[in-house]
Amino acid sequence: MTQPTPQSIWQGFHWSFFINVQGLIISLRRFEAQLALGNLDQAQTELSTATKLLLASGASMELAGSFSREAYQMVRESMTPPQVRATNFSGLMSWEHAALMQIWKRLRPIFATLPNDLQPQHQKFIQAYFSLVDAHKGVCEKFGGTTDGSLRFEQNSAIATLDQFSLSRWQLIDPTHSTISKCPFSYKH
């Protein structure tokens, strides 16, 4: 058996990440529908599944970076022209990201007024989101993101950019800040 290349590791675990995000979208849509029907038990099941998918997404992200910083330079080059058409390639360009943001925006008022029975699972969901953020930041830090920018936002450090995005996403899924009372990110607003 041959050793996987950094490129195949990066690509394979990003595919896994996006599959998990697709499942997350389905679970959140089902959560929304079950909640609208007043079926709290099924809504709880869907939110629990969404939590597990967030955790799996974080694991996929962490594993995507399971090679050396030196090897990352070749991987990074594979995401720039002429290998890709975009000069600012990013996961933000994916349909999965757009669909997830749509559902999170739609769920924001629902998350703000969740029935008490769903609050403990919602807190686990938020904690799973922070776990995903930490995994993403860990990969960025490993590959120089503390000082270097991402492909899309080269002018800022990748970590600072992630913190900004993470804060805005946190506001959507935890609008009452019921899980934690202060911003866990280094970005100051």
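Residues numbered from 1 in each chain as written. Predicted model: local features only at pLDDT ≥ 70, side-chain atom pairs only at ≥ 80, totals over all residues. Heavy atoms only, no water.

## What to know about helix 5 (residues 119-142)
Right, so step 1: A rise of 1.5 Å per residue sets the reference length of helix 5, with its 24 residues, at 34 Å; its end C-alpha atoms lie 35 Å apart and thus fit the reference within 8%.
Right, so step 2: Note on helix 5: the residue one or two positions beyond its end, glycine 144, has a positive phi of about 95°. (Helix = DSSP H or I, 4+ residues; strand = E, 2+ residues; numbered from the N terminus. Expected span 1.5 Å × (residues − 1).)

## Focus: the side chain of glutamate 46
Right, so step 1: Within the fold, glutamate 46 resides in helix 2 (residues 40-64).
Right, so step 2: Look past the residues within four positions of glutamate 46 in its chain and what remains in contact with it is Ser27, Arg30 and Phe31. (Contact = heavy atoms within 4.5 Å.)

## Some details on the pattern of salt bridges
Side chains that differ in sign of charge can pair as their charged atoms come close.
Right, so step 1: Counted according to the given criterion, the structure contains 3 salt bridges.
Right, so step 2: Salt-bridge contacts for glutamate 32 lead to arginine 106; the nearest nitrogen and oxygen are separated by 2.8 Å. Here glutamate 32, found in helix 1 (residues 6-36), pairs with arginine 106, found in helix 4 (residues 95-112); they are 74 residues apart in sequence, far enough to count as distant.
Right, so step 3: Given the relative accessible area of 18%, glutamate 32 is considered buried.
Right, so step 4: Aspartate 163 serves as the salt-bridge partner of lysine 137, at 2.9 Å between the closest nitrogen and oxygen. Here the residue lysine 137 occupies a position in helix 5, and aspartate 163 occupies one in helix 6 (residues 158-173), the gap between them amounting to 26 residues. With respect to burial, lysine 137 and aspartate 163 carry one shared label: buried. (Salt bridge = Lys/Arg side-chain N within 4 Å of Asp/Glu carboxyl O. Buried < 20%, exposed > 50% of the residue type's maximum accessible area, 1.4 Å probe, protein only.)

## Remarks on helix 3 (residues 69-77)
Right, so step 1: Along helix 3, the positions that sit buried rather than exposed are Ala71, Tyr72, Val75 and Arg76. Angular distribution of buried residues about the axis of helix 3 spans 150°; they occupy a single face of the element. Across from the buried face of helix 3, at angles greater than 90 degrees, the exposed residues are Glu70, Met74 and Glu77.
Right, so step 2: Elements in contact with the buried residues of helix 3: helix 1. (Arc of directions from axis to C-beta.)

## Digging into the environment of methionine 74
Right, so step 1: One can find methionine 74 in helix 3.
Right, so step 2: Look at methionine 74 and you get exposed, because its relative accessible area is 59%.
Right, so step 3: Each C-alpha atom of the pair methionine 74 and glutamine 7 lies 7.8 Å from the other, and the pair is 67 residues apart in sequence.

## A few points about the environment of alanine 71
Right, so step 1: The topology assignment puts alanine 71 in helix 3.
Right, so step 2: On the accessibility criterion, alanine 71 (15% relative accessible area) is buried.
Right, so step 3: For alanine 71 and glutamine 7, which are 64 residues apart along the polypeptide, the C-alpha to C-alpha distance reads 8.6 Å.

## Notes on the packing of aromatic side chains
Right, so step 1: Counted under the stated rule, the structure contains 11 aromatic pairs.
Right, so step 2: Between phenylalanine 67 and phenylalanine 143 the ring centres are 5.2 Å apart and the planes differ by 25°, which places this aromatic pair in the stacked class. Of the two residues, phenylalanine 67 sits in the loop between helix 2 and helix 3 while phenylalanine 143 sits in the loop between helix 5 and helix 6, which places them 76 residues apart along the sequence. Neither residue differs from the other here; phenylalanine 67 and phenylalanine 143 are each classed as buried.
Right, so step 3: Seen from their ring centres, tyrosine 129 and phenylalanine 130 are 5.9 Å apart, and the 50° between their planes marks the pair as tilted. (Phe/Tyr/Trp six-rings, centres within 6.5 Å; stacked < 30°, edge-to-face > 60°.)

Honestly, it's all geometry; don't read function into it.
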